[in-house]
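What follows is the residue order along each chain.
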Amino acid sequence: MTGIDKHWPLFPRLVPIPKIFHCLEHDGPFRNCLQCGIDLLHADRYLIERVFKGREPIVEYAMCSSCVEDASAELSAESLENVRKYFLENVELQSRVDRLRPLAEQDDVSPWLSECLFTGLAADDCQERQVCGWFEGDRLRLDFAPFMLSGKAIEAISEQLSEQTRGWMEDFVGNNFGLPSEFCDDPSLMPLLI
Ligand SMILES: [Zn+2]
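For clarity, every value in this text was computed on a predicted model and none was experimentally measured.

K.L.:
Describe the coordination of the zinc ion, listing the residues and the values that go with them.
P.N.:
Protein-derived ligands of the zinc ion are Cys33 (SG), Cys36 (SG), Cys64 (SG) and Cys67 (SG), with the metal-ligand distances lying across 2.3 to 2.4 Å. Classification of the site at the zinc ion as tetrahedral follows from its 4 donor atoms and the range of 104 to 116 degrees in their angles at the metal. Read from N- to C-terminus, the donor residues coordinating the zinc ion fall into the pattern C-x2-C-x27-C-x2-C. Here Cys64 and Cys67 have matching classes, each one buried.

Shown next as structure tokens:
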């Protein structure tokens, strides 16, 4: 994720995958990469992103690291740089470290997801929100990620993207999830793909 994990000082750990990252379709862990279909248990690393409206998951996918790299290559260099800068300027990294450090030995990941990375808004107060994390086999990797972004934060991030990148993302969402275009007009619901 935009290189911000390099600034994370706590030692990463692997923990069992919590239910919030389970796949609605299988009522259990995600099994395959959205793009290439590879069996994720045998993938090197993979990303899961789930978008919620209220309590309902409305978009969810898992993608292996090489497909994530391919997808990032489709995004304009300008967009990636803008988002990276936006992260570094707006995420209160130190307060996140201070809050999570005492909890870093627990397997409960809910404190990682309880407030928006940017706005600090509590998960229960978010109409729309998304959660992202990186996984290895049947484990969640606990370091800077996983994190939660409120709909407001997603909206602000999407303003950092070039027209070209936004267009590519809308096509990606349309092709993979078959969502109507009105959905794409609401940036607070767009999966971030970065
Ligand atoms: Zn893949």
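K.L.:
So, the pattern of salt bridges: which residues are in play, and what are the values?
P.N.:
The full count for this structure, using the stated rule, is 7 salt bridges. When salt bridges that share partners are traced, they join Glu136, Arg141 and Asp143 into one network.

K.L.:
Can you lay out the pairing of strand 4 (residues 128–136) for me, pointing to particular residues and giving the numbers?
P.N.:
Counting buried residues in strand 4 gives 8 out of 9 residues, a clear majority hidden from the surface. As paired strands, strand 4 and strand 6 (residues 147–150) are joined by 4 bridges and run antiparallel to one another. Paired with Gln130 across the bridge in strand 6 is Leu149. With 3 bridges joining them, strand 4 and strand 5 (residues 139–142) adopt antiparallel strand pairing. Bridge assignment links Phe135 to a residue of strand 5, and that residue is Leu140. Taking the residues that link successive antiparallel strands as the turn, the strand 4-strand 5 hairpin has 2 residues, and the phi of Gly137 there is positive, at about 55 degrees.

K.L.:
Can you tell me about helix 6 (residues 163–177), naming the residues and giving the values?
P.N.:
Between the first and last C-alpha of helix 6 there are 21 Å, a value that for 15 residues agrees with the 21 Å anticipated at 1.5 Å per step. The first or second residue beyond helix 6 is Gly178, which carries a positive phi of 55 degrees.

K.L.:
I'd like a rundown of the packing of aromatic side chains, residues and numbers included.
P.N.:
Summed over all chains, the structure comprises 9 aromatic pairs. With centroids separated by 5.1 Å and ring planes inclined at 70 degrees, the aromatic side chains of Phe21 and Phe135 adopt a geometry described as edge-to-face. A residue pair is termed long-range when its members are at least 10 positions apart, and Phe21 in the loop between strand 1 (13–16) and strand 2 (46–53) and Phe135 in strand 4 qualify at 114 residues. Neither Phe21 nor Phe135 differs from the other in exposure class; each is buried.

Definitions and cut-offs
- Residues numbered from 1 in each chain as written.
- Predicted model: local features only at pLDDT ≥ 70, side-chain atom pairs only at ≥ 80, totals over all residues.
- Heavy atoms only, no water.
- Donors = N, O, S within 2.8 Å, 3.2 Å for Na, K, Ca; no water.
- Tetrahedral: all angles 85-135°; square planar, octahedral: opposite > 155°, others 65-115°.
- Buried < 20%, exposed > 50% of the residue type's maximum accessible area, 1.4 Å probe, protein only.
- Salt bridge = Lys/Arg side-chain N within 4 Å of Asp/Glu carboxyl O.
- Helix = DSSP H or I, 4+ residues; strand = E, 2+ residues; numbered from the N terminus.
- Pairing = 2+ DSSP bridges.
- Expected span 1.5 Å × (residues − 1).
- Phe/Tyr/Trp six-rings, centres within 6.5 Å; stacked < 30°, edge-to-face > 60°.

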